[in-house]
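So you can see what is in the structure, the chains are spelled out below.
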Number of protein chains: 2
Amino acid sequence: MPEPASKLSLADEAYREIRDALLSGALEPGQRLSEPELALRFNTSRSPAREALLRLEHEGFVERLPSGRVRVAALDVGYLEQLYVVRANLEGLAARLAAPLLRTVDLDAMTRSVDDMDSAVKNDDASGAIAAGQQFHDVLMRECGNEPLVSLLAALKGRIGRFRALVASLGDYDADRVLEHRRILEALFARDPDRAQAEMIGHVSRSATVLVRRLRERAADTP
Amino acid sequence: MPEPASKLSLADEAYREIRDALLSGALEPGQRLSEPELALRFNTSRSPAREALLRLEHEGFVERLPSGRVRVAALDVGYLEQLYVVRANLEGLAARLAAPLLRTVDLDAMTRSVDDMDSAVKNDDASGAIAAGQQFHDVLMRECGNEPLVSLLAALKGRIGRFRALVASLGDYDADRVLEHRRILEALFARDPDRAQAEMIGHVSRSATVLVRRLRERAADTP
DNA sequence: AAGCGTCGTTCTGTCGACAGATTTGACGAA
DNA sequence: TTCGTCAAATCTGTCGACAGAACGACGCTT
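### What to know about the protein's contact with DNA strand C
DNA strand C sits among 19 residues. The nearest are R46 and R50 of chain A together with L10, S45 and R69 of chain B. The share of sugar and phosphate among atoms of DNA strand C within 4 Å of the protein is 63%. With respect to DNA strand C, the side chain of R50 of chain A contributes an N or O atom lying 2.9 Å from a phosphate oxygen. For the surface near DNA strand C, the secondary structure elements donating two or more residues are α2 (35-42) and α3 (46-58) of chain A together with α1 (10-24) and α3 (46-58) of chain B. Per element, the largest residue contribution to the surface near DNA strand C is 3 residues, and it comes from α3 of chain B. Here the residues of the surface near DNA strand C are counted per class, giving 5 nonpolar, 7 polar and 7 charged.

What follows is the structure, given as structure tokens:
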């Protein structure tokens, strides 16, 4: 069964594949993406390729030159910092909104996530830690009760994802990060929106600082 | 000269026109928008119409049914409230970021805007007040130094715009709203990011409350 | 060797067409 | 009348084609 779910249109498939290539770093900033080339690559006509590019443009993954041509968007660390400022604020808002809404089951699930993250970090299991962190945030997104907020954050996370590919993904989480999650969780258990928001903003901002520092180090290494 | 600037593609023109129709309320929620129909309306092929719909979908103005068909997105007041929660937070962030960046000329321009708003309100000049408010916010957007934030806010404002068409646009600003602007301005003059942020969040939230109340009243009138 | 115009190539924007799927509406049965 | 059925009408997803614009390489001029 080569296609378990061909429920996706060709445009969807092209979109996802290009997006994955962008997130994995296979496509480098500045690289041109032409419709005929992509069409050939996916064995389709230009229509699906064109639609995929339109979407990627809307989401900020590619830029359109005045001529109408498309290239992979630049990866500017300063821009990443701006993205993170917004993201920190919105994640903080999500925490604040979720604080009074989280049910016991949610809080328990989040507690488990943090515990998982803790042991993963102690075992140098980076992907496990990332998965646990993902779960933590997913509960917040699901329960914060604000759809536009969730989709905005998803869009931001997508944009940020491209930068992650530049640095070894190891070390996204460490003991400090685990502690920060515990503090957020504590505030949520206490139903304290202000503290939950503040802790979340601090957490995301610190994550940003770490990522930015690593990106700047890498940039210094490869001049 | 019927076309002063045909620098826009047919897809662009269609997009703008449909968007305007959506913002003005000419297109009602639930109404179907088919590509052939739009193509006919704009004397083009389906391609530009299709592209316009794709963009409108991405920006949340229209929804895509499982069948792939498109209809004008619903206008749910609860959803508007969610949008405003996010917007208030982001406008607050913009104010916070701008606080240390605003130059004297910017602060002066904003002062003038508030003064203009004041006299407009006193003269029952609704559109003048709106224009002044626009200027005030524009300075903030221009000077906050965070591109993603600006574009996110623009997107949010677009979505919110459709709701405005439902109520008589009169009374968007009143003496209270002017006072709120003055307080924001005061905080900015004092270079107090926390206060600027808090005042801005309060201002936007109260604007939301007024709009929501008016929408609910209207909904009660026309059952 | 740098600058510049020219020509072929490539690309985008747009068009019309077709197949498959969905929706509509008429028509007949209960 | 209400419901189910079936055929006509419509729509979307996709394709291939064409014109005009942009790009790139080449050779010519200075």
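### A closer look at the sheet that holds strand β2 (residues 62-64) of chain A
Residues and elements named next belong to chain A. On the basis of which strands lie adjacent, the open sheet formed by 3 strands has the order β1-β3-β2 and antiparallel pairing. Of all the strands in the sheet, just β1 (32-33) and β2 have a single pairing partner and so form its edges. Both β1 and strand β3 (residues 70-72) contribute to a ladder of 2 bridges, which runs antiparallel. In the strand pairing of β3, L33 is matched with V70. Packed on one face of the sheet, α3 meets β1, β2 and β3 and runs near 100 degrees to β2.

### Description of the interface of chain A and chain B
If you look at the interface, chain A gives 22 residues, while chain B gives 23 residues. Regarding the contact of chain A and chain B, the summed buried area is about 2,000 Å², with carbon and sulfur atoms giving 63% of it. Seen at the junction of chain A and chain B, the total is 2 salt bridges. Here chain A is connected to chain B by 8 residue pairs in polar contact (both at pLDDT 80 or more).

### Focus: the packing of aromatic side chains
In this structure the tally under the stated criterion is 0 aromatic pairs over all chains. A cation over an aromatic ring shows up here: R55 of chain A above the ring of Y15 of chain A, its NZ or CZ 4.8 Å from the ring centre.

### A short note on the relation of the copies chain A and chain B
Each of the two copies of the chain can be brought onto the other by a rotation about an axis and a shift along it. Between the two copies, chain A and chain B, the superposition gives an RMSD of 0.0 Å; the rotation angle is 180 degrees and the shift along the axis is 0.0 Å. Seen this way, the second copy is the image of the first under a two-fold rotation axis. Most of the interface of chain A is mirrored in chain B: 100% of its interface residues are interface residues there too.

### Section: the protein's contact with DNA strand D
Residues in contact with DNA strand D amount to 19 residues; listed here are only the nearest, L10, S45 and S47 of chain A together with R46 and R50 of chain B. Considering DNA strand D, the proportion of its atoms within 4 Å of the protein that are sugar or phosphate atoms stands at 65%. A distance of 2.4 Å separates a phosphate oxygen of DNA strand D from a polar backbone atom of L10 of chain A. The separation between a base nitrogen of DNA strand D and a polar side-chain atom of S47 of chain A is 3.4 Å. Those elements that place two or more of their residues in the surface near DNA strand D are α1 (10-24) and α3 of chain A together with α2 (35-42) and α3 of chain B. Sorting elements by how many residues they give to the surface near DNA strand D places α3 of chain A first, with 3 residues.

What counts, and at which threshold
Residue numbers here run from 1 along each chain, matching the order of that chain's written sequence. Here the convention is simple: chains get letters from A, ligands get numbers from 1, in the order in which they are written. In view of the model being predicted, local features appear only for residues whose pLDDT reaches at least 70, and side-chain atom pairs are presented and counted only at 80 or more, with totals across whole chains, interfaces and linings using the full set of residues. Each side-chain value is worked out from all heavy atoms of the structure, with water and hydrogens disregarded. Nearness here has a simple test: a residue counts as near a molecule or strand if at least one of its heavy atoms is within 4 Å of that partner. Counted as a polar contact is a pair of N or O atoms within 3.5 Å, where, for protein atoms, one must be capable of donating a hydrogen and the other of accepting one, and residues adjacent in sequence contribute only when both atoms are in side chains. The numbering of helices and of strands both runs from the N terminus, where a helix is a DSSP run of H or I of at least 4 residues and a strand a run of E of at least 2. Any residue that is not Ala, Val, Leu, Ile, Met, Phe, Trp, Tyr, Cys, Pro, Asp, Glu, Lys or Arg is counted as polar, Gly included; the first ten are nonpolar and the last four charged. Pairing between two strands is assigned when DSSP locates at least 2 bridges connecting them. Note on definitions: a residue-residue contact is assigned when non-hydrogen atoms from the two residues lie within 4.5 Å. Convention adopted: a line fitted to C-alpha atoms gives each axis, helices being fitted over their contacting stretch, and angles between N-to-C directions are expressed from 0 to 180 degrees. Values labelled buried area give the accessible surface lost by two parts on being combined, using a 1.4 Å probe and summing over both. Any Lys or Arg side-chain nitrogen found within 4 Å of a carboxyl oxygen on Asp or Glu counts as a salt bridge. Ring pairs are drawn from Phe, Tyr and Trp, using the six-membered ring of Trp, whenever the two centres fall within 6.5 Å, and their geometry is named by plane angle: stacked under 30 degrees, edge-to-face over 60, tilted for the rest. Criterion for a charge above a ring: Lys NZ or Arg CZ within 6 Å of the ring centre, and within 35 degrees of the ring normal. Alignment of copies: least-squares fit on C-alpha atoms of residues with pLDDT of at least 70 in both copies.

On their own, these measurements won't tell you what the molecule is for.
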